[in-house]
Amino acid sequence: MTHTTYTEVWDLESFFEGGSQSQTFQNYLEQIGILMQEFTSLANDMQITENEEHTINSIGQVLRSSEEVFKKLMQASAFVSCLKAENTVDPLVERLQMQVMQQSSTFSTALLTFQNKLTLIGNDEWKQYVSSETLTPVAFVLDEWRQMAQEKLSIQEEDLIQSLSMDGFHSWGELYHTTVSMITIPYEDENGQTTLSVGQANNIMGQSNAALREKVFNQMEQAWEEKSPIFAKALNHIAGYRLMANKKRGWNSPLKEPLLNNRMKEETLHSMWAAVEKYKEPVTRYLERKAKLLGVNKLSWFDLDAPIGEVDTKKDFTAGAKFIIEQFGTFSPLMKTFAEQAFEGRWIEAENRPNKRPGGFHTYFADSGQSRIFMTYSGTPSNVSTLAHELGHGFHSFVMKDIPFFNRKYAMNVAETASTFAELIVADASVRQAETKMEKVVLLDDKISRTVTMFMNIHARYLFETAFYEERKKGTVTRERLNELMTSAQKQAYGHSLEHYHPYFWASKLHFYNTHTPFYQFPYTFGYLFSLGIYKQAQEVGPSYEKKYVNLLKDTGSMTVESLAMKHLNEDLTKPDFWENAASLCIKDIEEFMQLTTSL
C-alpha cells in the first residue's frame, strides 16, 4: 500500500510498548540476563581437548549461545539509543542505558573468556577445526577473535579494564552527551525570542541569510566555549584511558585499534590520504569560486554549507521520500523495496523539534530484523542526501539478514560505503534533473560540499586527533591548546582557504567523544572514495550490477578491506591507483561547477 504522505515520527512501540517506562522492555532485559548466565557458564566450562569432534561441537554450542545473547543486546542497545536521541531530557533513559551497558560489559568478559580459550589450540589443529562443516561459515570471524585475543592482555586484566570502563572511560563520553543535550542556542524569529537545540542551530548553517548564519554560529561557539572546561576534561580523560590501556597491551600507536577494528592495513590508510592531498587543489579553487559567488573575499566556517542563489530546492518529507524511492529504483529494485518498507513502516524519525540530539544515525534491531533512522529534516538537498545516506546503511543490514550472524558485523569504513553509494545515486539524480542552470549550480554545490567534507573536514579531524594523542602522551592538553591544534589542523586540511575557522570544533563534534570507536573519522573518507570506485563500475555496467553490489555488501563482514576490493573490484587498496582514480571522479563535478559559474 502506498500512502500519499509519510509521517516524520518513527515507530518504537512495535518493539517495546511504553517507551522508557516499558515493562515489556524490562522483561526483555531480564530475559537477556538469564541467557547471559547460560552463555557465561558455557564459555567458562568449555574445554579444549584432544578430541577434535568434541572441541568443534563445544565451540559451535558457545557460538549459538553467544549469538542469541548478542542479538538481544543489539536490540536493547538500539532501543535505548533511539529513546535517548528522540528526547534528550527524558530522565529515565539514563538508567536504562546503564543497565544495557552493564549487560554488554558482562557479555564482553564472557566472550573474551571464550576467545582466549581459542588461543590454546595449536595452529595446525586450528586450521583443521575452522575447515570443519560446523565452523567454516564463520572461519574468518573466529580467526579474527583468536588473533585479537592474542593481541590483548590476560582475561583477568582485560576484565578489569572492561569493568572499570563503566564508571571511568564510558562515563566521560556520557557526560559529554548529557552536557550537549542541555545546551540551548538563543534564536529570534517572526514569533519572537526562542531557543534552538544544537541540531536545530546547525541547520541554520544551510540558510542563505549570511548575517543570521554568522550570528547563530557565534552563539554556538560561545556555548561551546562556556562548556569547554567540561569538554576538555572529558576529552583528555577519554584519550588518557585509551592510551593507558593500549600501553598495557603493548600497542604503541593509537591507530593500532582503529585499524584492527576496520580490518585494514596502515599502508591503505596512508595511500588514501596521499590521494586526497593530491586532489585538494581543485577543491580549494571551488571554495574560492563559492566565496566570490557569495560576495566575500574568503569563505568562513559558517559559509561552507551556505546555499548559492535563491533557487527553491527544498522538498517536504514526503516529496524527499518519494524522490529517494524513485532514484533507488533506477539502480536496484531491491533498494527501492527496502526504502518503501522503511517509509511505510515508520522506521524514520525526522521531525524538526526541540530536545532531539544533533546529527543523524542508523541503528539495527537485530532481534526484529528492522532498522531505525534518526535525523532532523528541514527539506534542504543536504537533508535529502542525509536521509538517503542513512537508508543506505539500512539497506546494507537488510541484504545481510540471511547470512551467518557473526558475518554481519561489518567495520565502520565499509559501513560508510553502502550509505555513500545511496547518497551518490540521489545526488546525481538531483543534478541531472535540474530544470535551470542556476538550479544545477545549487545542486552541484550541495554535492561538492560532501567532497569538501571528506577531503577537508574529515582530514582536519584526523590531523587534529593524531596531533592531540601525541601531546596527550606527555600530559593533559589545555582547552587553549586544543583550540590551537584544531585551528592548525583546519588550516592545513583546508589549504588556508578560509577567513574564519572553528577552533571549538573539538568541543562540538561528538565523534571525538565516542568511547566505543577510536579515531571515528577516517572511515568516512574511506567509505566515500571506496563507494565512488564501486559507483563508477555500477554506472558502466548498468542495472545488472545490482547482484554484484549485493554480493560485495554481503562479504563486508567476513573479509579485510584489501581482500574485499581484490575479490570484487580487482583493486589493490595499498597502492595509490584506486584512491587516485576515485578522488579524480570528485573533480569532474568541480570542473562542471566552475564552467557553469564562470559568468555568474
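Residues numbered from 1 in each chain as written. Predicted model: local features only at pLDDT ≥ 70, side-chain atom pairs only at ≥ 80, totals over all residues. Heavy atoms only, no water.

**Observations regarding the overall build of the protein**
Quick note on the threshold: Helix and strand assignments follow DSSP, with helices taken as H or I runs no shorter than four residues and strands as E runs no shorter than two, numbered in order from the N terminus. When we talk radius of gyration, it's over C-alpha atoms, and the globule rule is simply 2.2 Å times the number of residues to the 0.38. We call two residues in contact when some of their heavy atoms are within 4.5 Å.
For the protein, the count of helices and strands is 23 helices and five strands. Over its C-alpha trace the protein gives a radius of gyration of 24 Å, about what one expects of a compact globule, namely 25 Å for 600 residues. Expressed as lengths along the three principal axes of its C-alpha atoms, the size of the protein is roughly 80 × 55 × 50 Å. Look at the contacts in the protein between residues 6 or more apart in sequence, and 77% of them connect residues 24 or more apart.

**Some points on the sheet that holds strand E3 (residues 348-349)**
For clarity, the threshold we go by: A strand pair is defined by DSSP finding two or more bridges across the two strands.
Here three strands make up an open sheet; going across it, the order is E3-E5-E4 and the pairing mixed. The outermost strands of the open sheet, each flanked by one partner alone, are E3 and strand E4 (361-365). With five bridges joining them, E4 and strand E5 (residues 370-374) adopt antiparallel strand pairing. Paired with Phe361 across the bridge in E5 is Phe374.

**Remarks on unusual backbone geometry**
Note the threshold: The buried label applies to any residue whose accessible area, calculated with a 1.4 Å probe on protein chains only, is under 20% of its type's maximum; exposed applies above 50%, and partly exposed to all values in between.
A positive phi angle, close to 50°, is found at Arg263, a residue other than glycine. For Arg263, a relative accessible area of 11% puts it in the buried group. We note that Arg346 has phi near 60°; this positive angle belongs to a residue other than glycine. Positionally, Arg346 belongs in the loop between helix H14 (333-344) and E3.

**Things to note about the packing of aromatic side chains**
The cut-off we apply is this: Two aromatic rings from Phe, Tyr or Trp, using only the six-membered ring of Trp, form a pair when their centres are within 6.5 Å; if the ring planes differ by under 30 degrees the pair is stacked, by over 60 it is edge-to-face, and anything between is tilted. Should the NZ of a Lys or the CZ of an Arg lie within 6 Å of a ring centre and within 35 degrees of the ring normal, that charge is described as sitting over the ring.
According to the stated counting rule, one finds 47 aromatic pairs in the structure shown. One aromatic cluster is present, formed by Trp273, Trp301, Tyr462, Phe464, Phe468, Tyr469, Tyr494, Phe505, Phe512 and Phe519 through successive ring pairs. When the ring centre of Phe323 is taken as reference, the NZ or CZ atom of Lys315 above it lies at 4.6 Å.

**Re the pairing of E4**
By the criterion of burial, E4 is predominantly enclosed, with five of the five residues buried. Residue alternation in E4 divides its side chains into two sets, Phe361, Thr363 and Phe365 and His362 and Tyr364, and both sets are buried. What sits between E4 and E5 in their antiparallel hairpin is a turn of four residues, with Gly369 showing a positive phi close to 70°.

**Looking at the packing of helix H20 (residues 522-541) against helix H23 (residues 576-596)**
How we decide: To obtain each axis, a line is fitted to C-alpha atoms, and for helices this fit is confined to the stretch in contact; angles are then taken between N-to-C directions over 0 to 180 degrees. Roughly parallel refers to an angle under 35 degrees, roughly antiparallel to one over 145, roughly perpendicular to one between 65 and 115, and oblique to any angle outside these ranges. Polarity classes work like this: nonpolar for Ala, Val, Leu, Ile, Met, Phe, Trp, Tyr, Cys and Pro, charged for Asp, Glu, Lys and Arg, and polar for all others, with Gly in that last group.
Relative orientation of the contacting elements H20 and H23 amounts to 85°, with a least axis distance of 9 Å. When the axis of H20 is compared with that of H23, the two are roughly perpendicular. For the pair H20 and H23, the contacting residues are Phe526, Tyr528, Leu529, Phe530, Leu532, Gly533 and Lys536 in the first and Phe578, Trp579, Ala582, Ala583, Leu585 and Cys586 in the second. When grouped by side-chain class, the residues that make up the contact of H20 with H23 number eleven nonpolar, one polar and one charged.

**Describing the environment of Gln207**
For Gln207, the location among the structural elements is in the loop between helix H8 (198-204) and helix H9 (210-249). Taking relative accessible area as the criterion, Gln207 reaches 31% and is therefore assigned partly exposed. Once the C-alpha coordinates of Gln207 and Gly394 are considered, the two residues, 187 residues apart in sequence, prove to be 29 Å apart. Those residues in contact with Gln207, other than ones at most four positions away along the chain, are Leu212, Arg213, Ala306 and Pro307.

**Remarks on helix H18 (residues 479-493)**
Selection criterion: Multiplying 1.5 Å by the helix residue count minus one yields the expected span of that helix.
With 15 residues, H18 extends 21 Å between its outermost C-alpha atoms, agreeing within 8% with the 21 Å of an ideal straight helix rising 1.5 Å per residue. Those residues of H18 not exposed but buried are Leu482, Asn483, Leu485, Met486, Thr487, Ala489, Gln490 and Ala493. Once H18 ends, the next one or two residues include Gly495, with phi positive near 60°.

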